[in-house]
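# Summary of structural features
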Amino acid sequence: MPLSESDVRAIADYARIALTDEQVPQMAVDLNSIIDSLDPIRRIDLEGVEPTFHPIGDLSNVLREDMIAPSLDRDFALSDAGAVEDGQFLVPSIMGDE
Amino acid sequence: MVVTRGDAPMPVDIAALSAAQIRAGIIAGRFSAHDVADAAYAVIATRDTDIHAFLELTPSLAYAAAERVDAAKEAGEELPSLAGVPVAFKDNMNQVGTKTTCGSKMLANYDSLFTATAVERMVDAGALPLGKLNMDEFAFGSSTETSFFGPTHNPWDLERVPGGSSGGSAAAVAGGLATITLGSDTGGSIRQPASFCGIVGYKPTYGLVSRYGIVAFGSSLDQVGPFGKTVEDVALATNALVGRDERDCTSQDCGTDFTANLHAGVRGMRIGVVTSMNDAPGVQPEVVAALHEAVENLKGLGAEVVEVDLPHITAAMSAYYVIGPCEAFSNLSRFDSVRYGYREPGCELLSSQESLSRAVGFGEEAKRRILLGSYLLSSGPYEEYYVPAQKVRTLITRDFVRAFGSVDVIISPTSPRAAFKFGEISDPATMYLSDLFTIAINIAGNGGMSLPVGLGRDTGLPVSVQLIGPQFRDENIFQAAAALETCYRIEHVAPMARPGAVSRVVEPVMTIGSPTPPATMKGGE
């Protein structure tokens, strides 16, 4: 079943991307065209096949000792942020209506 | 390649020298590393206005590196393997002192906070970091047309794309602007642009090179690798890049010298040909012809050619366009408008600041992929597409393991066609077919190299083959590629970068013809 425009709005909302009303119809066309091309995935016999989530088959958790080491200077780490106050990231209100 | 000789001081022609020749020239005192940097920036100044491979130049870093090389030479020290070699990095690789834009408005003002291990290892090997290279936005693309900073042009024909996503990396080498460049490859992003630009491009086996400091796209697919004019240059760069890095837990120890087998030949090697793959729909006749000629050449060199079957490879494309966007959706969630990246001004709520910043900061293709991932990871599609795609990965990996039970290397085309013109492919699903032959290798995690095999008989543009090795047996690829390379007399840079070329005069590629004859083929047609 192809994605509807309201489906597109829902997944955009979940992805935190504000689409304009003008952008939604074209995005629906593009996504449906790509999803159509994924069809071979559904037509292969996968009975009894285990999924592989990672190309190095025998690699499991890689752990190391917990060590104290120098890390980024705080002011340097904050230097790419759009807004900073007292050595911390500054954000607008997290609750309210808009 | 033109080999320069003589003891007198001479101007350095970057396009004509291999990495080893540059290091040897510095050791012999024919020129200094400083001279090499001067020469590189001089050609960039004249040629890159047309090519637009570079997004940022870093002369202070390059000249500091040159000074270290020249001081070491002065002190009589042994010079490291890439001493004085001009290099440049795809702009998704962090390097302190540079921006790392990923070709996106999202990161247009982002200053690198740390340096990628791959970058660090090239500089530690004595290379001169010239600057950062253009790419498709966040590596989403096959043409470098999606860069926020404008496209890169193919040095062979400025009307055509250089391929992508590492288009700047390929064009810089083909245009004679740098000797070695680094790119990243998630579904073909090193090999396909190398093919379009007629140079060597190599994606190592997943786990050979650390990805620390590279902006992630598809974490189970991404790998960093080098571009160069010759197999030897790429082997030297690979030696510098590989090995365990505790900051990337997927990186593995590697004791291989990738230059060791370059002269071993292919006598007794078994080369696999996948008939179903090579006759896939949409593959241009000149690509098939060049592949057949390459296979004949390998036979002529003493290799045994064996047909192998990869029955599930037809599903690789769709598995990739499930796995890639899902991983990209997850990785690109880090762009939250708070810690770094574009921040829409004037928002009263954090939630609207985040979704507006992402709407404005990401381009169209990035948005498409993120939304596709958002959809495919939702309940329903997850069971219908995502889990099956990972099961298909199991089948494709088994296909390769089985095939490599009877062969040492598999050969295929790199790209179904030579470089296309700007705007020629606009439908996303058609654009994705550019990576038909390269994608399965990322899914299985094997290494693959694109090797130029002359000019297409119909287009006159570079055409390449892909050599694929078993996981962590990438030395097989280098052995076969170096042998096959000897069958061709190829100019390793585009006509515009060759001695005697008049800079900034662009001729239609079909009329360039002489003075450089097309690659001569042994055997074949």
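Our structure's up above, just so we're on the same page.
What counts, and at which threshold
- Residues numbered from 1 in each chain as written.
- Chains lettered and ligands numbered in written order.
- Predicted model: local features only at pLDDT ≥ 70, side-chain atom pairs only at ≥ 80, totals over all residues.
- Heavy atoms only, no water.
- Helix = DSSP H or I, 4+ residues; strand = E, 2+ residues; numbered from the N terminus.
- Rg over C-alpha atoms; globule rule 2.2 N^0.38 Å.
- Lys, Arg positive; Asp, Glu negative; His and termini not counted.
- Charge placed at Lys NZ, Arg CZ, Asp CG, Glu CD.
- Axes fitted to C-alpha atoms, helices over the stretch in contact; angles between N-to-C directions.
- Parallel < 35°, antiparallel > 145°, perpendicular 65-115°, else oblique.
- Contact = heavy atoms within 4.5 Å.
- Nonpolar A, V, L, I, M, F, W, Y, C, P; charged D, E, K, R; others polar.
- Buried area = accessible area lost by both parts, 1.4 Å probe.
- Salt bridge = Lys/Arg side-chain N within 4 Å of Asp/Glu carboxyl O.
- Buried < 20%, exposed > 50% of the residue type's maximum accessible area, 1.4 Å probe, protein only.
- Patch = residues over 30% accessible without salt bridge, like charges linked within 9 Å, V, L, I, M, F, W, Y side chains within 5 Å.
- Areas by Shrake-Rupley, 256 points an atom, 1.4 Å probe, with all protein chains shown as cover.

The subject of this paragraph is the overall build of chain A. Along chain A, the regular secondary structure elements total three helices and two strands. The C-alpha atoms of chain A give 23 Å as radius of gyration, which overshoots the globular expectation for 98 residues (13 Å, by more than 25%). The principal-axis extents of the C-alpha atoms in chain A amount to approximately 55 × 50 × 20 Å. A distance of 3 Å separates the average location of the 6 positive side-chain charges in chain A from that of its 21 negative side-chain charges.

Let's shift gears to the packing of helix H1 (residues 5–14) of chain A against helix H2 (residues 23–37) of chain A. All names here are of chain A. Between H1 and H2, the shortest axis-to-axis distance is 9 Å and the interhelical angle comes to 90 degrees. Classified by the interaxial angle, the pair formed by H1 and H2 is roughly perpendicular. Note on element contacts: H2 touches H1 through Val24, Pro25, Met27, Ala28 and Leu31, opposite Glu5, Val8, Arg9 and Ile11. Taken together, the residues of the contact of H1 with H2 break down into seven nonpolar, no polar and two charged.

Before going further, it helps to spend a moment on the interface of chain B and chain A. Frequently, the measure chosen for interface size is the accessible area removed from exposure when the parts meet. Listed as interface residues are 65 residues of chain B and, on the opposing side, 51 residues of chain A. Across the chain B/chain A interface, buried area totals approximately 5200 Å², and carbon plus sulfur atoms make up 69% of it. Of all residues in chain B, Leu113(B), Leu349(B) and Leu371(B) give up the largest surface area on contact with chain A, accounting jointly for 13% of the area buried on that side. The residue Glu354(B) makes a salt bridge to Arg16(A) at a minimum N-O spacing of 3.9 Å.

As a further point, take the pattern of salt bridges. It is possible for side chains bearing opposite charge to pair when their charged atoms get close. Under the criterion given, the structure shown has 22 salt bridges over all chains. The residue Asp39(A) makes a salt bridge to Arg42(A) at a minimum N-O spacing of 3.2 Å. Take Asp39(A): its relative accessible area is 25%, and that puts it in the partly exposed class. Ionic contacts of the salt-bridge type, sharing partners, join the residues Asp30(A), Glu365(B), Arg368(B) and Arg369(B) into one network.

The next subject is a nonpolar patch on the surface. Taken together, the side chains of Leu72(A), Phe76(A) and Val96(B) make up a nonpolar region of the molecular surface, amounting to roughly 220 Å² of accessible area. With respect to the helices, strands and loops of the structure, Phe76(A) is situated in helix H3 (residues 74–77). Among the residues examined, Phe76(A) registers a relative accessible area of 33% and is labelled partly exposed.

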